[in-house]
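# Breakdown of the fold
The lines below spell out each chain.
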Amino acid sequence: MRCHLPFRSWSPSLSLVALVGAAALLSGCERPPPHTEQTGYRGTGMVQVSNPRLDAAKLAANQAPPALPPASADGPKAGTVYQNVKVLGDLSVGEFTRTMLAMSQWVAPQQGCGYCHNLQNLADDSLYTKRVARRMLQMTEHINVDWKPHVGATGVTCYTCHRGNHIPANVWFTAAPRNYPGVTGGASGEQALQDQPSPSVDYSSLPYDPFTPYLLDSQSIRAAGLMATTGKLQPMLQTEKTYGLMVHMAGALGVNCTYCHNTRNFATWQNSNPARVTAWYGIRMARELNNDYLDSLAGTFPPHRLGPTGDVAKVNCLTCHQGVNKPLYGAQMAKDYPALLTVSAPAGEAPASAPMSAPMSAPAPAASGATAAAGPAPVTLAQAATK
Ligand code: HEC
Ligand code: HEC
Ligand code: HEC
Ligand code: HEC
């Protein structure tokens, strides 16, 4: 993925072309020696290859800021002292104020309180940023409480995605169709949104929006092969989109395919690494956040924040991970912010999104090494058995 051989026009001097070609080829490569580490069962080729020099830069760019000094949990509750508190009402006034300070640093370090508040009246909801932030608070609590199979004890804060920016640096919109009559894809010119190098798929020719089908819709993440259920061949486009998503996932975590898969058989859960199970939950989590929290804010955001088809910016693996297998190298920021660790019942209204039971009850794939029978991902396993 990292080396690109440029196509060059024919020249009479073959040796010169070879020399230039070799130089161009090598200039696209990373300087050796890389570091390799075994990540799976011996003899299965499950190794993680990394570059120590690039790792140092990544480490520096992914540090969690220090926690704010703790506040007292005693005293009157924010819900009784303030007028318009719908999510954080159970916090002490001290902890509430500390949370406001932290949110300012995480999302609007330059503007501070005024980015979300009418400073004449802090209870006023007229700024859209405040209404969005309230929903973001609910989303962050929901991730930490209900998506433990993915985020574990590490959890997330606003900083995991925002890193001091109003809009997280890595978001995606549904791509508008690009039609080029007569180029590829037949008379209509529909290109299946591919063959257009894009960072979303690491500049490969794969479909450059692998997110709408999988992280918004729930299309089937499968490579071509006989479908056990119907005996029919899976469509090739689905395979290409699946690879598009996988290239995104590997790049977003800064890992190779073998971090999760035993590449002898990509489909089987047997001998996959436990990280693949975590990733399986991650796909479902991102999908749910996009549908239930972000897309539903479309009417709240001003038009200049919306994408080409009028949708809200959404999250993928890169939004949190930013090139690292665990966001911020697994720094446990969330544990220092009680506001983000419980799902608060909004005062005076039904929960905007009832805490989900789905994540826990969804059919999880079998963990590494488990037998096929134990794995409740029937299609995958049945399919694997046919290969
Ligand atoms: C990223 C947006 C954001 C920033 C920045 C922010 N706030 Fe808030 N603030 C909110 C939200 C959202 C609520 C409502 C919380 C709820 O409903 O539980 C709120 C509510 C409040 C309230 C309660 C007002 C009332 O009477 O209802 C106070 C006081 C407050 N914030 C103070 C501050 C201070 C002081 C700062 C700066 C240090 C600040 N906020 C920065 C989003 C923000
Ligand atoms: C899982 C990732 C994620 C987390 C965690 C998260 N956000 Fe966001 N936030 C987003 C995305 C994505 C957008 C952009 C939506 C758009 O522009 O259409 C956004 C937008 C916002 C905006 C609007 C900013 C603007 O200028 O339009 C505010 C305010 C905000 N978030 C506050 C917060 C607060 C406060 C927290 C923590 C309580 C938080 N966010 C946690 C992903 C996240
Ligand atoms: C972070 C873990 C992770 C990484 C890295 C990863 N995958 Fe996957 N892969 C998964 C998960 C999880 C699934 C199953 C998705 C589902 O069913 O929702 C999957 C499914 C697949 C499938 C579909 C198998 C089938 O059932 O037909 C293929 C093919 C695949 N991956 C190839 C790759 C390739 C190629 C790479 C490297 C570019 C890669 N994967 C990197 C986790 C990963
Ligand atoms: C809301 C933020 C967020 C999003 C979005 C997210 N992750 Fe994660 N992910 C985390 C956190 C936090 C951890 C650390 C969990 C822990 O420490 O146990 C993690 C851990 C993981 C791990 C385990 C790594 C290891 O070395 O054990 C994998 C694999 C993973 N994520 C894959 C994905 C994939 C694939 C996606 C996109 C489909 C994704 N994640 C989206 C927050 C996120």
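Since we're looking at a predicted model, the values are computed, not measured.

What counts, and where the lines are drawn
- Residues numbered from 1 in each chain as written.
- Chains lettered and ligands numbered in written order.
- Predicted model: local features only at pLDDT ≥ 70, side-chain atom pairs only at ≥ 80, totals over all residues.
- Helix = DSSP H or I, 4+ residues; strand = E, 2+ residues; numbered from the N terminus.
- Contact = placed C-beta atoms within 7 Å.
- Near = placed C-beta within 6 Å.
- Nonpolar A, V, L, I, M, F, W, Y, C, P; charged D, E, K, R; others polar.
- pLDDT = per-residue confidence, 0-100.
- Core = buried A, V, L, I, M, F, W, Y, C linked by C-beta atoms within 7 Å.
- Buried ≥ 20, exposed ≤ 12 C-beta atoms within 10 Å, placed from the backbone.
- Expected span 1.5 Å × (residues − 1).

Further remarks concern the overall build of the protein. Across its full length, the protein carries 13 helices and 2 strands. Taking the intrachain contacts of the protein between residues at least 6 apart in sequence as the baseline, contacts between residues at least 24 apart amount to 61%.

Once that is clear, we can look at the site of ligand 1. Ligand 1 sits among 24 residues. The nearest are Tyr-82, Val-87, Cys-113, Cys-116 and Ala-123. Listing elements by their share of the shell around ligand 1, those giving two or more residues are helix H4 (93-107) and helix H5 (128-146). The biggest single contributor to the shell around ligand 1 is H4, with 5 residues. Of the residues in the shell around ligand 1, the class split is 15 nonpolar, 6 polar and 3 charged.

Glancing now at the site of ligand 3. Close to ligand 3 lie 24 residues, the nearest being Met-246, Cys-257, Cys-260, Ala-267 and Ala-279. For the shell around ligand 3, the secondary structure elements donating two or more residues are helix H9 (236-253), helix H10 (274-294) and helix H13 (378-385). Of the residues forming the shell around ligand 3, the biggest block, 7 residues, is contributed by H9.

So, about the confidence of the model for the protein. Do not read the fine detail of predicted coordinates wherever pLDDT is low. Residues with a pLDDT of 70 or more make up 73% of the protein, whose mean pLDDT is 80. Predicted confidence is poor over residues 182-190, with pLDDT under 50, and the contacts of this stretch with residues over four places away or in other chains come to 14 contacts. The model gives residues 366-387 a pLDDT under 50, and that stretch makes 44 contacts with residues more than four places away or in other chains.

Here the focus is the nonpolar core. Core analysis: the largest hydrophobic core is formed by 50 residues, its most contacted members being Leu-88, Trp-106, Cys-158, Met-249, Ala-286, Leu-289 and Cys-317. The element contributing the most residues to this core is H10, with 8 residues. Residue contacts for Met-249: discarding those within four places in its chain leaves Ala-279 and Cys-317.

Before going further, it helps to spend a moment on unusual backbone geometry. One non-glycine residue, Arg-163, lies in positive phi territory at about 50°. Note on placement: Arg-163 falls in the loop between helix H7 (158-162) and helix H8 (211-216). Notably, Asn-271 is not glycine yet its phi reads approximately 65°, a positive angle. Along the polypeptide, Asn-271 turns up in the loop between H9 and H10. For Asn-271, a count of 16 C-beta atoms within 10 Å puts it in the partly exposed group.

Helix length check: H9 (18 residues) gives 26 Å between terminal C-alpha atoms against 26 Å at 1.5 Å per residue, within 8%. Along H9, the residues classified as buried are Lys-241, Thr-242, Gly-244, Leu-245, Met-246, His-248, Met-249, Ala-252 and Leu-253. Looking at the buried positions of H9, the neighbouring elements they touch are H8, H10 and helix H11 (317-321). Just beyond H9, the residue with positive phi is Gly-254, at close to 65°.

This paragraph deals with the environment of Asn-118. Inspection of the secondary structure assignment puts Asn-118 in the loop between H4 and H5. Judged by C-beta crowding, with 13 C-beta atoms within 10 Å, Asn-118 ranks as partly exposed. Remark: the alpha-carbon pair of Asn-118 and Lys-130, spanning 12 residues in sequence, is separated by 9.4 Å. With residues near it in sequence (within four places) discarded, Asn-118 still touches Asp-124, Ser-126 and Leu-127.

Mapped onto the secondary structure, Thr-44 falls in the loop between strand S1 (35-38) and strand S2 (47-50). What Thr-44 contacts, discounting residues up to four positions off in sequence, is Asn-262, Arg-264 and Asn-271.

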